[in-house]
Amino acid sequence: MKYITEFRRPDLAEKLLSQIKRRSRSQARIMEFCGGHTVTIFRYGIRQALPANLEMVSGPGCPICVTANADLDKAIALARTPGVIIATFGDMLRVPGSRSSLQEVMAEGADVRMVYSTMDALQIAEETPDKSVVFLGIGFETTAPTIAASILQAGDRGIGNYYVLSMHKLCPPVIRAILDSGEVNLQGLICPGHVCAVIGSDPWESVASKYGIPCVVSGFEPLDVLQSVSMLVDQIESGESRVEIAYRRGVQPGGNRQALKLMEQVFEPCPAQWRGMGEVPDSGLRLREEYRRFDAEHAFDIAPGPAYEPKGCICGDILRGVKTPAECRLFGKTCTPEHPVGPCMVSSEGSCSAHYLYGGDVEG
Amino acid sequence: MCLAIPALIKSIEDKEAEAEVGGISRRISLWLTPEAKAGDYVLVHTGYAINIIDQEEAEETLKLLEEIAELSGEED
Ligand code: SF4
């Protein structure tokens, strides 16, 4: 497949690796922000292939994993509301909230539909005018513009029974929150390629300058990741901290203007709850006043009750890059992809699931 | 979850396009990339083209990687 297979060539991967090995001297910890990168790194055995002085840690870049239980509980409570159809990306179904998952309430008769796109959700709303269709707005800046577009389309097409529960999260604010906490010491950051396809690389400038951390925007094929590591190593070894784009075919410094415009038209920043991190200012998106009528929080009385965290699960620490899945006592025992205890084991891009499926450091 | 895959735009009708994703034809939305044309490759995320792939930059990157490979062949 064009733009995929060329970036998987093993011969080039090998050469990039030997370049990294030759040039990398210092001990350095590099965070891959995005769960998509975590999967590439594990699937292609990149962690093990890198020299021992380079340590990779996974970041909070899995929208499902970082969704706080209080928000999940709202979605589940909405699914139980008579006359409501929930439309959601499939990954959400099995995520355990405080008391149940969407899949469990589905088994009890709730109408939950898995969709591939908000376009499908709009279609459901058009075809079932006597029901309210609530789309679960989960995702980072990659996804938020698509949800904004769906709200504008609902307006254009006069679809009055379409709502969004906005649980969107923004990436640069949370990285700054993690760095401000001082809990994790990083020498490099692999920035999320498809988030940056929308927001560009410019928003990372403050991370590079204020915290002195080299940042490289990466694509998702193995050569993309290796090229990014190689660029980070060059910066680390020369004592620089700049923002660079390795994923030039997909990312411009200023991002996608049209996507940003639609996102800003429909949403405004608001504080958001992150699993393991609590409330982070300006790290979420809510619907602006003019689009209130599409806001599920506004349209429905949602009272999910108090939120609880799964007992023994350390997803929060893992998402902050402070602990690894192997340090969780439940990992691979009570908690497996078949019977997940926490979201990092449910989501295909969660750290726990990547560690479980592709192994590597089960022994720590 | 931020998965996006390259797709080739075949034809455009209003704000939607017929695109080929890994040999399969699919309708995608161009709401976020109104300047996309037939023959462009776009990155598709949940049914929306979120950016146009810069084909020249892709070639440049591959060339750079080839150069690194040659260089490291000489140094090895
Ligand atoms: S292994 Fe399971 S219980 Fe432990 S942190 Fe991961 S998801 Fe939570």
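Residues numbered from 1 in each chain as written. Chains lettered and ligands numbered in written order. Predicted model: local features only at pLDDT ≥ 70, side-chain atom pairs only at ≥ 80, totals over all residues. Heavy atoms only, no water.

### Let's talk about the interface of chain B and chain A
Interfaces are often sized by the amount of accessible area the parts lose when they come together. The interface is formed by 42 residues belonging to chain B together with 50 residues belonging to chain A. Summed over both sides, the interface between chain B and chain A buries roughly 4000 Å², with carbon and sulfur atoms accounting for 63% of that surface. The three residues of chain B that bury the most area against chain A are Met1(B), Cys2(B) and Trp31(B), which together make up 20% of that side's buried surface. Where chain B meets chain A, there are 2 salt bridges. Salt-bridge contacts for Glu57(B) lead to Arg248(A); the nearest nitrogen and oxygen are separated by 3.4 Å. (Contact = heavy atoms within 4.5 Å. Buried area = accessible area lost by both parts, 1.4 Å probe. Salt bridge = Lys/Arg side-chain N within 4 Å of Asp/Glu carboxyl O.)

### Remarks on the site of the ligand
Around the ligand, the structure places Cys313(A), Ile314(A), Cys315(A), Ile318(A), Cys328(A), Leu330(A), Phe331(A), Cys335(A), Val341(A), Gly342(A), Met345(A) and Cys352(A). Here the residues of the shell around the ligand are counted per class, giving 11 nonpolar, 1 polar and no charged. (Near = heavy atom within 4 Å. Nonpolar A, V, L, I, M, F, W, Y, C, P; charged D, E, K, R; others polar.)

### A few points about the sheet that holds strand 9 (residues 243–245) of chain A
All names here are of chain A. Taken in spatial order, the 5 strands of this open sheet run 2-1-7-8-9, and their pairing is parallel. With partners counted over all chains shown, the strands left at the sheet margins are strand 2 (54–61) and strand 9, one partner each. Here the strands of the sheet are splayed against their neighbours by 25° on average, with no regard to which way each runs. For strand 1 (residues 28–34) and strand 2, the ladder comprises 6 bridges, and the chain directions are parallel. The residue bridging cysteine 34 from the neighbouring strand is glycine 61, located in strand 2. Contacts from helix 12 (residues 222–237) reach strand 1, strand 2, strand 7 (188–192), strand 8 (215–218) and strand 9, with the element oriented near 170° to strand 8. (Pairing = 2+ DSSP bridges. Helix = DSSP H or I, 4+ residues; strand = E, 2+ residues; numbered from the N terminus. Axes fitted to C-alpha atoms, helices over the stretch in contact; angles between N-to-C directions.)

### Regarding the pattern of salt bridges
All names here are of chain A. A full pass over the atoms with the stated rule returns 29 salt bridges over all chains. For arginine 99, the salt bridge goes to aspartate 73, with nearest N and O atoms at 3.9 Å. Placement of the pair is arginine 99 in the loop between strand 3 (84–88) and helix 6 (102–107) and aspartate 73 in helix 5 (residues 69–79), with a sequence separation of 26 residues. Given a relative accessible area of 47%, arginine 99 falls into the partly exposed group. Aspartate 73 sits in the buried class, given a relative accessible area of 6%. For the salt bridge of arginine 292 with glutamate 289, the shortest nitrogen-to-oxygen distance reads 3.6 Å. On the basis of relative accessibility, which here comes to 24%, the residue arginine 292 falls in the partly exposed class. Relative accessible area serves as the criterion here: at 56%, glutamate 289 is assigned to the exposed category. (Buried < 20%, exposed > 50% of the residue type's maximum accessible area, 1.4 Å probe, protein only.)

### Description of the packing of aromatic side chains
Residue and element names in this part refer to chain A. Evaluated as defined, the whole model comprises 8 aromatic pairs over all chains. Geometrically, the ring pair formed by phenylalanine 89 and phenylalanine 135 is edge-to-face, given 5.2 Å between the ring centres and 80° between the ring planes. Within this pair, whereas phenylalanine 89 is found in the loop between strand 3 and helix 6, its partner phenylalanine 135 is found in strand 5 (residues 132–137), the two being separated by 46 residues in sequence. A relative accessible area of 8% means that phenylalanine 89 is categorised as buried. Owing to a relative accessible area of 0%, phenylalanine 135 belongs among the buried residues under this scheme. Measuring from ring centre to ring centre gives 6.5 Å for phenylalanine 220 and tyrosine 247, while their planes differ by 85°; the resulting arrangement is edge-to-face. Note that phenylalanine 220 is positioned in the loop between strand 8 and helix 12 and tyrosine 247 in the loop between strand 9 and helix 13 (257–266), a separation of 27 residues in sequence. Here the two residues phenylalanine 220 and tyrosine 247 agree in accessibility, since each one is buried. Through a chain of ring-to-ring contacts, the aromatic side chains of Phe33, Phe140, Trp204 and Trp274 assemble into a single cluster. Over the ring of tyrosine 3 we find lysine 2, and its NZ or CZ is 4.7 Å from the ring centre. (Phe/Tyr/Trp six-rings, centres within 6.5 Å; stacked < 30°, edge-to-face > 60°. Lys NZ or Arg CZ within 6 Å of the ring centre and 35° of its normal.)

### Some remarks on the environment of Tyr48(B)
Within the secondary structure layout, Tyr48(B) lies in strand 5 (residues 48–52). Since its relative accessible area comes to 0%, Tyr48(B) is described here as buried. Taking C-alpha positions, Tyr48(B) is 25 Å from Thr61(B), a pair spaced 13 residues apart along the chain. Contacts of Tyr48(B), omitting those with residues within four sequence positions, involve Ser117(A), Thr118(A), Met119(A), Thr146(A), Ala149(A), Ser150(A), Gln153(A), Ser29(B), Trp31(B), Leu32(B) and Leu43(B).

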